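Spelled out, the chains give:
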Amino acid sequence: MSEGYEPWLNREMRQANDFTAQQYFEARGFDQVDDNRFFNGTSTGDYMIWSQLLSGGSAVRKRFALALSEFFVVSLNDINLSWRGPAIGEYWDILNRNAFGSFRALIEEITLNPAMGVYLNTRGNRRADPRRGRVPDENFGREIMQLFSIGLFELNQDGTPRLNSGELIETYTNDDVTEIAKVFTGYDLDYSQTTFTPDPGNPSRTIASVDHVRRPMTADPSKWSRSLNDGFHATEEKQFLGLTIPAGTSAEESLRLALDHLVDHPNVGPFFARQMIQRLVTSNPSPGYISRVAAVFANNGRGQRGDLGSVFKAILLDEEALDPAKVADPSFGKLREPMLRFVQLARTFGVRSESGNFEVRNLSNPANQLGQSPLRSPSVFNFFRPGYFPTGSQSAANNLLAPEFQLVNETSVAGYVNFLERAVDTSAWFLRDLSLRYSAELPLAHDAAGLVEHLDLVLTANQLSASVKDTILSALEDIPVEQNSPDTDKLRRIHAGVVLVMASTDYLVQK
């Protein structure tokens, strides 16, 4: 980091994902039809995402992709199709490929992604049929406006709401939802290069090869599983958000016009900027901070709108993000998400996978696991809402948002500490494929004070308060360790130190 923040960030952002999800599945045979019958399960999807987050290079790109996965939500919990692992893997690869690219290109790729198509019902969505009382499914049409682009209410560039006679102004009406839903009709999975293999567990059934969950959905009915001459796109005129798409416009052209119009909406910049700042820096960015990032979204300085690389740099290099005084500001910062704590633990202490697959499954159970698992959101509204605050709390009394606290309750607090106690030595059965190395800590183990200082540096960037350090030091000194003690004794003290630091409020609130 001696080179300076921006040169370091530029260098990190130039790194492509060194091992994509598709490469992961291919290298391990997880996308082959064989006796393992991976086409039926979801566990390989969990293995893939933990492998991506816990190991390998391009950590900055992956961190941004993870933030995007909490804005453009698809959940492995609710993808009802074969090859759910590779399907969510393709979605992850899309987020990685576009993390520093164009917002417009990204939103088109996720719109046509099979996992999203199944999750929000655009796969097989048909035009209206009055004879049968059928209307287009409105799920994706609503969410692409409410969650993925413009939000519910009109915003100023600084993220504050625009008002009309003191009232919030809605960005869209139900008629807009009905009309834009017509755009997302007529798409289905592309089977044009797909082969079929008998199911080893049920030879009367055939399994489609994995490629159809990786290719974008298509409006060409000749490429569907049951090839047709005519498609199901709604060809009548469509009017929404001030845009009119003429009757007879093709599915592909309707999609292009609709996405262009959405991305050009003035709400997108501040709506997206606030939530990405919340995911990466602080729960309560100032209006000025949001405004500066939204301005970069509108124009990266080279006349380009929605340049995500410039947007993310603006977030991380903003004066508010880099101000040292903010460390002491109780209104600044955010609660670290549980999955990010686990990623930090693993990467800090050199995690290894015995199998090479990183066979860590869904850790969503808050009672005895992490209480959060990547790409496993319980709904399209993410693990928590951006405007959440705990009622009756000090945050609420001070008009502060605390989105990540939506994950916090009596069960998850105790569950996290129990998880942590079994994660530091990977003794939990669900972590048995992993091991952590404490090679840098073992030489310090006999020196309790030195060990606390070291853990403070590598886990909190020296943000433990003196009183918290004293408390941890006192606890570690109760574990007798000498310089010539066996490693098992030294590891016992190290594990205790890591648990105490990562359970402290000074660690849990990231600044």
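Rules behind the numbers
Residues numbered from 1 in each chain as written. Predicted model: local features only at pLDDT ≥ 70, side-chain atom pairs only at ≥ 80, totals over all residues. Heavy atoms only, no water. Helix = DSSP H or I, 4+ residues; strand = E, 2+ residues; numbered from the N terminus. Buried < 20%, exposed > 50% of the residue type's maximum accessible area, 1.4 Å probe, protein only. Areas by Shrake-Rupley, 256 points an atom, 1.4 Å probe, with all protein chains shown as cover. Patch = residues over 30% accessible without salt bridge, like charges linked within 9 Å, V, L, I, M, F, W, Y side chains within 5 Å. Salt bridge = Lys/Arg side-chain N within 4 Å of Asp/Glu carboxyl O. Pairing = 2+ DSSP bridges. Axes fitted to C-alpha atoms, helices over the stretch in contact; angles between N-to-C directions. Parallel < 35°, antiparallel > 145°, perpendicular 65-115°, else oblique. Left-handed = near helix turned anticlockwise from the far one by under 90°. Contact = heavy atoms within 4.5 Å. Nonpolar A, V, L, I, M, F, W, Y, C, P; charged D, E, K, R; others polar. Expected span 1.5 Å × (residues − 1). Arc of directions from axis to C-beta. Core = buried A, V, L, I, M, F, W, Y, C linked by side-chain atoms within 4.5 Å. 1 Å grid on protein atoms, 1.4 Å probe; cavity = no way out; pocket = protein on both sides within 12 Å on 5 of 7 lines; lining within 4 Å. Points joined across faces, edges and corners; volume = space filled by probe spheres on them.

*Asks:* Before we move on, could you go through the overall build of the protein and cite the residues and values that matter?
*Replies:* The secondary structure content of the protein amounts to 21 helices and 10 strands. With respect to the principal axes defined by its C-alpha atoms, the protein has extents near 80 × 65 × 45 Å. Evaluated residue by residue, the protein yields a buried proportion of 52% over its 511 residues. Counting only carbon and sulfur atoms, one obtains 48% of the accessible surface of the protein, whose full area is about 21,900 Å².

*Asks:* Break down a nonpolar patch on the surface for me, with residues and values.
*Replies:* Side chains of Leu 152, Phe 153, Leu 163 and Leu 168 sit close together on the surface and give an oily, nonpolar patch of about 340 Å² of accessible area. Relative to the assigned elements, Leu 168 resides in strand S2 (residues 167-168).

*Asks:* Explain the pairing of strand S4 (residues 202-208) to me, using residue names and the numbers behind them.
*Replies:* Sheet topology note: the strand S3 (residues 196-199)/S4 ladder contains 4 bridges and is antiparallel. When the bridges of S4 are listed, Asp 199 appears paired with Asn 202. From the end of S3 to the start of S4, which pair antiparallel, there are 2 residues.

*Asks:* So what about the packing of helix H3 (residues 43-54) against helix H5 (residues 84-98)? Which residues, and what values?
*Replies:* In the contact formed by H3 and H5, the axes pass within 8 Å of each other and the chain directions differ by 30°. Compared by their axis directions, H3 and H5 come out roughly parallel. Where H3 crosses over H5, the two elements pack in a sense that is right-handed. Contacts between H3 and H5 involve Thr 44, Gly 45, Met 48, Ile 49, Gln 52 and Leu 53 from the first element and Gly 85, Ile 88, Gly 89, Trp 92 and Asn 96 from the second. A per-class count over the contact of H3 with H5 returns 5 nonpolar, 6 polar and no charged.

*Asks:* Mind laying out helix H12 (residues 287-298), listing which residues take part and the relevant values?
*Replies:* An ideal rise of 1.5 Å per residue puts 16 Å on 12 residues; H12 measures up with 16 Å between its terminal C-alpha atoms. Along H12, the residues that are buried comprise Tyr 289, Ile 290, Val 293, Ala 294 and Phe 297. End-on view of H12: buried residues confined to an arc of 125°, all on one side of the axis. Looking at the buried positions of H12, the neighbouring elements they touch are helix H6 (103-112), helix H11 (268-280), helix H13 (308-317) and helix H14 (319-322).

*Asks:* Can you break down the nonpolar core residue by residue, with the values?
*Replies:* Among the nonpolar cores identified, the biggest contains 144 residues, and Phe 72, Trp 92, Phe 272, Phe 312, Ile 315, Phe 342 and Val 498 are the most heavily contacted of them. Ignoring sequence-local partners within four residues, the contact set of Phe 272 consists of Leu 68, Phe 71, Phe 103, Phe 297, Leu 308, Val 311 and Phe 312.

*Asks:* Break down the packing of helix H18 (residues 448-460) against helix H19 (residues 466-477) for me, with residues and values.
*Replies:* At a minimum axis distance of 9 Å, the contact between H18 and H19 shows a crossing angle of 135°. Viewed along their axes, H18 and H19 adopt a mutual orientation that is oblique. Once H18 is placed against H19, the crossing between them reads as right-handed. In this structure, H18 uses Ala 448, Ala 449, Leu 451, Val 452, Glu 453 and Asp 456 to contact H19, whose residues at the interface are Lys 469, Ile 472, Leu 473, Leu 476 and Glu 477. Residues belonging to the contact of H18 with H19 are distributed by class as follows: 7 nonpolar, no polar and 4 charged.

*Asks:* Give me the layout of surface pockets: which residues, what numbers.
*Replies:* Volume-wise, the largest pocket comes out at about 1,600 Å³. Listed by contribution, the elements that provide at least two residues to the lining of the largest pocket are helix H1 (5-13), H3, helix H4 (59-69), H13, H14, helix H15 (338-348) and H18. For the lining of the largest pocket, the class distribution of residues is 25 nonpolar, 6 polar and 8 charged. Of the voids in this model, the second largest pocket is the one considered here, and its volume is about 720 Å³. Of all the secondary-structure elements, those providing two or more residues to the lining of the second largest pocket are H11 and H12. The element best represented in the lining of the second largest pocket is H11, accounting for 5 residues. Grouping the constituent residues of the lining of the second largest pocket by class yields 18 nonpolar, 10 polar and 5 charged.

*Asks:* Quick one: what's the story with helix H17 (residues 410-423), residue by residue and with numbers?
*Replies:* In this model H17 runs 20 Å from its N-terminal to its C-terminal C-alpha over 14 residues, within 8% of the 20 Å that 1.5 Å per residue would give. Listing the buried residues of H17 in full gives Ser 412, Gly 415, Tyr 416, Phe 419, Leu 420 and Ala 423. Projected onto a plane normal to the axis of H17, the buried residues spread over an arc of 135° and lie on a single side. Next to the buried residues of H17 lie H15, helix H20 (487-503) and helix H21 (505-508).

*Asks:* Any chance you could break down the pattern of salt bridges for me, citing the residues and the numbers?
*Replies:* Under the criterion given, the structure shown has 33 salt bridges. A salt bridge links Glu 6 to Lys 313, with the nearest nitrogen and oxygen atoms 3.0 Å apart. A residue pair is termed long-range when its members are at least 10 positions apart, and Glu 6 in helix H1 and Lys 313 in helix H13 qualify at 307 residues. We classify Glu 6 as partly exposed; its relative accessible area is 40%. For Lys 313, a relative accessible area of 19% puts it in the buried group. Residue Arg 97 is joined to Glu 109 by a salt bridge in which the shortest nitrogen-to-oxygen separation is 2.8 Å. Taken as a pair, Arg 97 in helix H5 and Glu 109 in helix H6 lie far apart in primary sequence, 12 residues in all. The class of Arg 97 is partly exposed, set by a relative accessible area of 45%.

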